[in-house]
Amino acid sequence: MAKTKLRTDDATIRAAIAAERRELADLLDLLPEERWDEPTLCTGWRVREVAAHMSFGFRHPLRRVVGELVRARGSMDRMTDRVARREAQQMSRQEMASALRDNADHPWTPPVGGLAAALGHDVVHGLDITIPLGLDRKVPADRLRVVLGTASPLGARFFGAKLGGVRLRADDLEWSYGSGSEVTGRAQDLVAVLFGRKVPAGRLHGEAAGRFTSA
């Protein structure tokens, strides 16, 4: 499966992660209270649940995470859903925003994927909020290039992105992934697709675009 490979150094990615977290914290600070209950691209989660989830890895030691996973009978999806819903009720909006800002330089990374995956985690959850809420935030191209460079068959399976038979191609920067019927769109919308999300209709183009869009 062909793709455009994009690489950068660790220091640059760390700086991108810190900037992304600070900018998302600023966005959350300015988000009116009534919008925190609106749905996101994460099925079943409102803005509150996404915001709470984003800083979970910063706020709890590994033993706490393992304990939550055991209580969820080993299901990562069940664990993250349960914790996000609980903490969305426990934490104030200001606390959720501060948890991102105060941990902008936190070294947390997902179990697989390293720093690029950590940036992907922050970027896609920001998109989970901004895309359905219609917020006009454009993720900087240098960050998108790093995240798009992580595209792989393993990642697609993990996030439930069904990319067989399509070639994704960004129309605002040089990047493509896969082979088959071409689907084009903004790079940040294609990031959402790589992470198994469906974006609003009209944001992607091509015969197979409907596979990755919501009504």
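Relevant structure appears above.
Residues numbered from 1 in each chain as written. Predicted model: local features only at pLDDT ≥ 70, side-chain atom pairs only at ≥ 80, totals over all residues. Heavy atoms only, no water.

Concerning helix α2 (residues 47–54)
Threshold: Exposed residues in this analysis have more than 50% of their type's maximum accessible area, buried residues have under 20%, and partly exposed residues fall in between, with area computed by a 1.4 Å probe over protein chains only. The secondary structure listing takes helices from DSSP runs of H or I that are at least 4 residues long and strands from runs of E that are at least 2 residues long, numbered from the N terminus. Any two residues having at least one pair of non-hydrogen atoms within 4.5 Å are treated as being in contact.
Counting buried positions along α2 gives eight out of eight residues, so the element sits mostly inside the fold. For α2, the full list of buried residues reads Val47, Arg48, Glu49, Val50, Ala51, Ala52, His53 and Met54. Contacts from the buried residues of α2 go to α1 (10–30), α3 (56–59), α5 (76–90), α6 (93–102) and α7 (114–133).

Here's the deal with the sheet that holds strand β2 (residues 176–178)
The following threshold applies: The criterion for strand pairing is that DSSP finds at least two bridges linking the strands in question. Helix axes are fitted only over the stretch in contact, all axes being lines through C-alpha atoms; the angle between N-to-C directions runs from 0 to 180 degrees.
Read from one edge of the open sheet, four strands run β2-β1-β3-β5, paired in mixed fashion. Every interior strand has two partners, whereas the edge strands, β2 and β5 (204–205), have only one. When strand β1 (residues 166–170) meets β2, the two strands line up antiparallel, connected through three bridges. The residue of β2 that forms the bridge with arginine 167 is glycine 178. Along the sheet, helix α10 (residues 187–194) makes contact with β1, β2, β3 (181–185) and β5, crossing β1 at roughly 145 degrees.

Some thoughts on the pattern of salt bridges
Basically, it comes down to this: The rule for a salt bridge is simple: a side-chain nitrogen of Lys or Arg has to be within 4 Å of a carboxyl oxygen of Asp or Glu.
Within the structure shown, the criterion is met by 20 salt bridges. The partner of glutamate 49 in a salt bridge is arginine 46, with the nearest N and O atoms 2.7 Å apart. Assessed through its relative accessible area of 24%, arginine 46 is described here as partly exposed. We note a salt bridge from arginine 59 to glutamate 87, for which the minimum N-O separation is 2.6 Å. Taken together, the positions of arginine 59 in helix α3 and glutamate 87 in helix α5 put the pair 28 residues apart, joining distant regions of the chain. For arginine 59, a relative accessible area of 26% corresponds to the partly exposed category. Judged by its relative accessible area of 3%, glutamate 87 is buried. One salt-bridge network, held together by shared partners, links Glu20, Glu23, Arg137 and Arg143.

Looking at the packing of aromatic side chains
The cut-off we apply is this: Pairing of aromatic rings covers Phe, Tyr and Trp, the last through its six-membered ring, and needs centres within 6.5 Å; plane angles under 30 degrees mean stacked, over 60 mean edge-to-face, and all others mean tilted.
Summed over all chains, the structure comprises four aromatic pairs. When the ring of phenylalanine 58 is compared with that of tryptophan 108, the centres are 6.1 Å apart and the planes differ by 75 degrees; the resulting orientation is edge-to-face. In this pair, phenylalanine 58 is assigned in helix α3 and tryptophan 108 in the loop between α6 and α7, connecting sequence segments 50 residues apart. Take tryptophan 108: its relative accessible area is 22%, and that puts it in the partly exposed class. Arranged with centres 6.4 Å apart and planes meeting at 5 degrees, the rings of tryptophan 175 and tyrosine 177 form a pair that is stacked. Comparing tryptophan 175 with tyrosine 177 shows no difference in burial state: the two are buried. Linked through ring pairs, Phe158, Phe159 and Phe195 together constitute an aromatic cluster.

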